[in-house]
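Here is how the chains run, residue by residue.
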Amino acid sequence: MGYGYFEYFDEEGAQMYEWLVRLRLFEWAYRIALRELEAAAPRGSRVLEIGPGIGRVLELLERRGYRAVGVDVSPAMLRRAKRRTSADLLVGGSWRLPLRGAFDAALAVFVLHHWGDHSSSIDSVARALRPGGVFVVLEADLSRAPAAGHGCTPECLRGALEGKFDVEVKRRWPLLIARAVRR
Ligand SMILES: C[S@@+](CC[C@H](N)C(=O)[O-])C[C@H]1O[C@@H](n2cnc3c(N)ncnc32)[C@H](O)[C@@H]1O
């Protein structure tokens, strides 16, 4: 343990992301992720968001009555998240997530493709969830929308998750939505 994969968002990167979110560029995708989560975990559930960035999804989760915790490697992103949400925010990596078995659900929106070798992070998400807990992953579908640049193929997403989870991957252009239930 003690190592992991991520793409670093420094102060400049965080500022750029803030503008993209303020322009509501990703709002449609956030709503799709939340709909998937709501179908899997009732309001009031404890949710771990991995890589919440500047916290727009945490803000929406909180409004819906979820008890959320966000873990992100970038202090610059989390400083901005703090202005949006009162969810607990922790600086850390997907490969070493806190609070074993504490969460009913986990969420990763446009984050998993940053993880490089996925296995240590997927193991760590599985440990943070209670048995039967659900991990919702949203990514751009590179097999249908290669211009997105960052994302996954359905095979890559399924392959990353299926060691620890029962996985269903849905395609909704230009997105992939995985619903993975911890075994
Ligand atoms: C493209 S941004 C997406 C932010 C947010 N999920 C959204 O959709 O608005 C990716 C975020 O994941 C974080 N990140 C990347 N790799 C990570 C890892 N291995 N563990 C935790 N956070 C990570 C980055 O710091 C960044 O905030």
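Residues numbered from 1 in each chain as written. Predicted model: local features only at pLDDT ≥ 70, side-chain atom pairs only at ≥ 80, totals over all residues.

Caption draft 1: Spatial organisation of the site of the ligand. F6, G51, G53, S74 and S94 are the nearest of the 24 residues found near the ligand. Class assignment of the residues belonging to the shell around the ligand gives a composition of 13 nonpolar, 8 polar and 3 charged. (Near = placed C-beta within 6 Å. Nonpolar A, V, L, I, M, F, W, Y, C, P; charged D, E, K, R; others polar.)

Caption draft 2: Just the packing of helix α2 (residues 27–40) against helix α3 (residues 56–63), in detail. Taken N-terminus to C-terminus, the directions of α2 and α3 make an angle of 45 degrees; their axes are 11 Å apart at the nearest point. Our classification of the angle between α2 and α3 gives oblique. Remark: the crossing between α2 and α3 carries right-handed chirality. Across from Y30, A33 and L34 in α2, the residues of α3 making contact are R56, V57 and L60. Across the contact of α2 with α3, the residue classes break down as 5 nonpolar, no polar and 1 charged. (Axes fitted to C-alpha atoms, helices over the stretch in contact; angles between N-to-C directions. Helix = DSSP H or I, 4+ residues; strand = E, 2+ residues; numbered from the N terminus. Parallel < 35°, antiparallel > 145°, perpendicular 65-115°, else oblique. Left-handed = near helix turned anticlockwise from the far one by under 90°. Contact = placed C-beta atoms within 7 Å.)

Caption draft 3: Quick look at the nonpolar core. If you look at the biggest cluster of nonpolar residues, it comprises 57 residues, and the most contacted ones within it are V47, A106 and L107. Residue contributions to this core peak at 7 residues, all from strand β5 (residues 129–140). Apart from the residues within four sequence positions on either side, A106 is in contact with V47, L48, I50, V125, A128, L129 and F135. (Core = buried A, V, L, I, M, F, W, Y, C linked by C-beta atoms within 7 Å. Buried ≥ 20, exposed ≤ 12 C-beta atoms within 10 Å, placed from the backbone.)

Caption draft 4: Local environment of the pairing of strand β2 (residues 67–72). The buried fraction of β2 is high, at 5 of 6 residues. Strand direction decides the pairing type here: strand β1 (residues 46–50) and β2, joined by 5 bridges, are parallel. What sits directly across from I50, in β2, is V71. Note that the unit made of β1, α3 and β2 has a crossover that is right-handed. With 4 bridges joining them, β2 and strand β3 (residues 88–91) adopt parallel strand pairing. Directly across from V69, in β3, lies its bridge partner D88. For the crossover that starts at β2, traverses helix α4 (residues 75–84) and ends in the parallel β3, the hand is right-handed. (Pairing = 2+ DSSP bridges. Right-handed = clockwise from strand over helix to strand, strands pointing away.)

Caption draft 5: Expanded view of the environment of G133. Looking at the element boundaries, G133 is found in strand β5. Look at G133 and you get buried, because 25 C-beta atoms sit within 10 Å. Residues within four places of G133 in sequence aside, it is in contact with F103, D104, A105 and R182.

Caption draft 6: Representation of the sheet that holds β5 within the structure. Read from one edge to the other, the open sheet built from 7 strands follows the order β3-β2-β1-β4-β5-β7-β6, with strand pairing classed as mixed. The open sheet has two edge strands, β3 and β6 (165–172), and neither has a second partner. With strand direction ignored, the average angle separating the axes of adjacent strands in the sheet is 15 degrees. Taken together, the 3 bridges between β1 and strand β4 (residues 103–109) define a ladder with parallel strand orientation. Paired with E49 across the two strands is L107, which belongs to β4. In the packing of α2 onto the sheet, the strands contacted are β4, β5, β6 and β7 (175–182), and the crossing angle to β5 comes to about 160 degrees. Contacting β1, β2 and β4, α3 runs over the sheet at an angle of about 170 degrees to β2.

From the geometry alone we can't say anything about function, so treat these as descriptive.
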